[in-house]
Amino acid sequence: MIKLISKTIALSVLTSFSMLKSQSVKEILKQNGSFRKDTLFSIKSDSKETYLPITIIKGKEKGPVFTIVAGIHGYEYPPIIAVQELLKEINPENIKGSLIIIPIANVESFQKRTPFVNPLDQKNLNTAFPGLENGSPTDQIAHLITKEIIPNSTIFLDIHGGDANEDLLPFVCYYNRKDTPENTNKAHELSSRSGIEYIVSYPYTLTATEPAKYAFKEATQQGITALSIEAGKLGTVQKDNVNLIKTAVYNMLENSGNYVTRKSKTVNQKSTVLLNQQDYIKVPQDGVFYSELKSGDKIKKNQILGYITDEFGNKKYDIVSQTTGIILYKVGTPPVNKGETLFCIGYNE
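Visitor: Even after reading the chapter, I still don't get helix α4 (residues 137–149), so can you show me in this structure?
Guide: Since there are 3.6 residues in each turn of an α-helix, residues three or four apart along the chain are aligned in direction. Its 13 residues place the ends of α4 17 Å apart at the C-alpha level, agreeing with the 18 Å of an ideal helix rising 1.5 Å per residue. Here α4 lies mainly inside the structure; 11 of its 13 residues are buried. Within the sequence span of α4, burial applies to P137, T138, D139, Q140, I141, A142, H143, L144, I145, T146 and I149.

Here it is, written out as structure tokens:
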């Protein structure tokens, strides 16, 4: 069951929270004038309740609808804090078109400090798309984003970082969907203008009926220009990554034509590095992981990246790279479990 609670900031006029007749995102976007509306979609599944917070900021002039999502993983803090600051800074008068902002998609994971999964149902929102209308809380959140948010978006940006155990190199990424070249080219352009040095292009092989699993892959599947920022690591707030995310978002909003005025946010544009292939090294067996390498390190094929021991410290496995490339992310804490991604190596061919 979904129930809507909202408040509206019409320019500088603030109204308090009140119960309203349910409105869809599309209906809100059709409203006249320049405004900000903060809305809570209440979600109930059996005896479990949660909600999805959504802010809609509409400018005076027509333009694209740019969607920003943070907190699909509630333990990834730099994206969430960056979006909190953006909500404070962005004025409707400076917006052309509209912004749809989900500041924390997985509120329960955030509040309960739970890595990866929603503690209400132990499901990973990042693998739940397109979701289910009458499913568990995570299924319903994915369904809401799939049906209410993505179809009303011109551009869809999903912001992630390194969760509690992930050491991660900041990068921006998109899916190389060859049958929608305009969307793919726009995603690459936005990535290039973000100010983030590393750009990762993922292969896209989904059919129209396969579950996308990931939010921005669902948007790609629906024919929306979609991309993702990855910045932050190890479940902590790093101010440099918060600022990197904010600068990247402002740069993208300027490029898309959504942000017409801006405080001094200029950044020296670095040359970008495109990585269009990925090698995922999986954990072969439970154990204790040792490695002196970190995200961003360059590695060579057949290089020993680390090793895994048992509980007594006896070495069980050397971890060897099968490619030459750069570490995009890796497990940054000692415990590892069979089947997890231990390293993601990015490279270009």
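Having seen the model, we can carry on.
Visitor: Teacher, can you tell me more about the nonpolar core here?
Guide: Taken as a class, soluble globular proteins show a tendency for nonpolar side chains to be buried jointly. Core analysis: the largest hydrophobic core is formed by 46 residues, its most contacted members being L52, I145, F156, F171 and L328. Sort the elements by how many residues they give to this core and α4 lands first, with five residues. Counting residues in each nonpolar core, the second largest holds 35 residues, with I104, Y174, I245 and L253 among its members.

Visitor: It is not clear to me how unusual backbone geometry should be interpreted in this structure. Could you clarify?
Guide: If a residue is not glycine, its phi is most likely negative; likewise, a peptide bond is most likely trans. Of the consecutive residues F129 and P130, the connecting peptide bond is found in the cis state with omega at 15 degrees. For P130, the position within the fold is in the loop between α3 (107–111) and α4. We note that R113 has phi near 55 degrees; this positive angle belongs to a residue other than glycine. Among the structural elements, R113 can be located in the loop between α3 and α4. One non-glycine residue, Q122, lies in positive phi territory at about 60 degrees. If you trace the backbone, Q122 turns up in the loop between α3 and α4.

Visitor: Explanation requested: the packing of aromatic side chains in the structure shown.
Guide: Aromatic ring pairs are defined here through the distance separating the ring centres and the angle between the ring planes. Using the criterion set out here, one finds eight aromatic pairs in the structure. Between Y175 and Y202 the ring centres are 5.4 Å apart and the planes differ by 40 degrees, which places this aromatic pair in the tilted class. With a gap of 27 residues between them, Y175 in strand β10 (residues 171–176) and Y202 in strand β11 (residues 198–203) connect regions that are remote in the sequence. Like Y202, Y175 is buried.

Visitor: Is there a simple way to think about the pattern of salt bridges in this case?
Guide: Here the idea is simple: oppositely charged side chains can pair when their charged atoms come close. A complete count under the given rule lists 11 salt bridges for this structure. E89 is the partner of K246 in a salt bridge, and the nearest nitrogen-oxygen pair spans 2.6 Å. Taken together, the positions of K246 in helix α7 (residues 239–256) and E89 in helix α2 (residues 77–89) put the pair 157 residues apart, joining distant regions of the chain. Here E108 and K112 are joined by a salt bridge, their closest N and O atoms 3.4 Å apart. When its relative accessible area of 11% is taken as the criterion, E108 is described as buried. One salt-bridge network, in which partners are shared between bridges, spans E85, E89, K239 and K246.

Visitor: How do you make sense of the pairing of strand β15 (residues 287–290) when you look at a structure like this?
Guide: Looking down a regular strand, the side chains alternate between one sheet face and the other. Note that β15 and strand β20 (residues 335–336) share two bridges and pair antiparallel. When the bridges of β20 are listed, V288 appears paired with P335. Sheet analysis places β15 next to strand β17 (residues 304–309), joined by three bridges and oriented antiparallel. Across the sheet, Y290 pairs through a bridge with Y307, a residue of β17.

Visitor: I tried to follow the environment of G325 on my own but got confused; where do I start?
Guide: By secondary structure assignment, the location of G325 is in strand β19 (residues 325–331). Residue classification places G325 among the buried residues on the basis of a relative accessible area of 15%. In sequence terms G325 and Q277 are 48 residues apart; their C-alpha atoms lie 9.4 Å from each other. Every residue in contact with G325, bar those within four places of it in the chain, is listed here: D297, K298, I299, I345, G346 and Y347.

Visitor: Explain the pairing of β10 here, please?
Guide: When you tally the buried positions in β10, you get five out of six residues, the bulk of the element. Across three bridges, the pairing between β10 and strand β12 (residues 225–230) is antiparallel. Across the sheet, residue F171 finds its bridge partner in β12, namely E230. In this sheet, β11 lies alongside β10 in parallel orientation, the contact comprising five bridges. Bridge pairing in β11 links N176 to P203. Between β10 and its parallel partner β11, the chain crosses via helix α5 (residues 181–193), and the hand of that crossover is right-handed.

Visitor: Would you explain the side chain of T114 in this entry?
Guide: With respect to the helices, strands and loops of the structure, T114 is situated in the loop between α3 and α4. Setting aside its immediate chain neighbours within four residues, T114 contacts Y75, S109 and P119.

Visitor: So what exactly am I meant to see when it comes to the confidence of the model for the protein chain here?
Guide: Low pLDDT marks regions whose predicted coordinates should not be analysed in detail. For the protein chain, per-residue confidence averages 92 on the pLDDT scale, and residues scoring 70 or more make up 91% of the total. Of the regions scoring below 50 in pLDDT, residues 5–21 engages in 39 contacts with residues more than four places distant in sequence or in other chains.

Visitor: Explain the state of the cysteines here, please?
Guide: By definition, a disulfide is the covalent link that joins the sulfur atoms of two cysteine residues. Per the counting criterion, the structure on display carries zero disulfides. In this structure C344 is a free cysteine whose sulfur lies 9.8 Å from that of C173, the closest cysteine sulfur available.

Visitor: What am I meant to see in α5 here?
Guide: Over its 13 residues, α5 runs 18 Å from end to end, which matches the ideal 18 Å to within 8%, given 1.5 Å per residue. Every buried residue of α5 is accounted for by N183, T184, A187, L190, S191 and S192. Elements that come into contact with the buried residues of α5 comprise β8 (155–160), β10, β11, β12 and α7. Once α5 finishes, G195 follows within two positions and takes phi at roughly 90 degrees, a positive value.

Reading the values: rules and limits
Residues numbered from 1 in each chain as written. Predicted model: local features only at pLDDT ≥ 70, side-chain atom pairs only at ≥ 80, totals over all residues. Heavy atoms only, no water. Helix = DSSP H or I, 4+ residues; strand = E, 2+ residues; numbered from the N terminus. Expected span 1.5 Å × (residues − 1). Buried < 20%, exposed > 50% of the residue type's maximum accessible area, 1.4 Å probe, protein only. Core = buried A, V, L, I, M, F, W, Y, C linked by side-chain atoms within 4.5 Å. Phe/Tyr/Trp six-rings, centres within 6.5 Å; stacked < 30°, edge-to-face > 60°. Salt bridge = Lys/Arg side-chain N within 4 Å of Asp/Glu carboxyl O. Pairing = 2+ DSSP bridges. Contact = heavy atoms within 4.5 Å. Right-handed = clockwise from strand over helix to strand, strands pointing away. pLDDT = per-residue confidence, 0-100. Disulfide = S-S within 2.5 Å.

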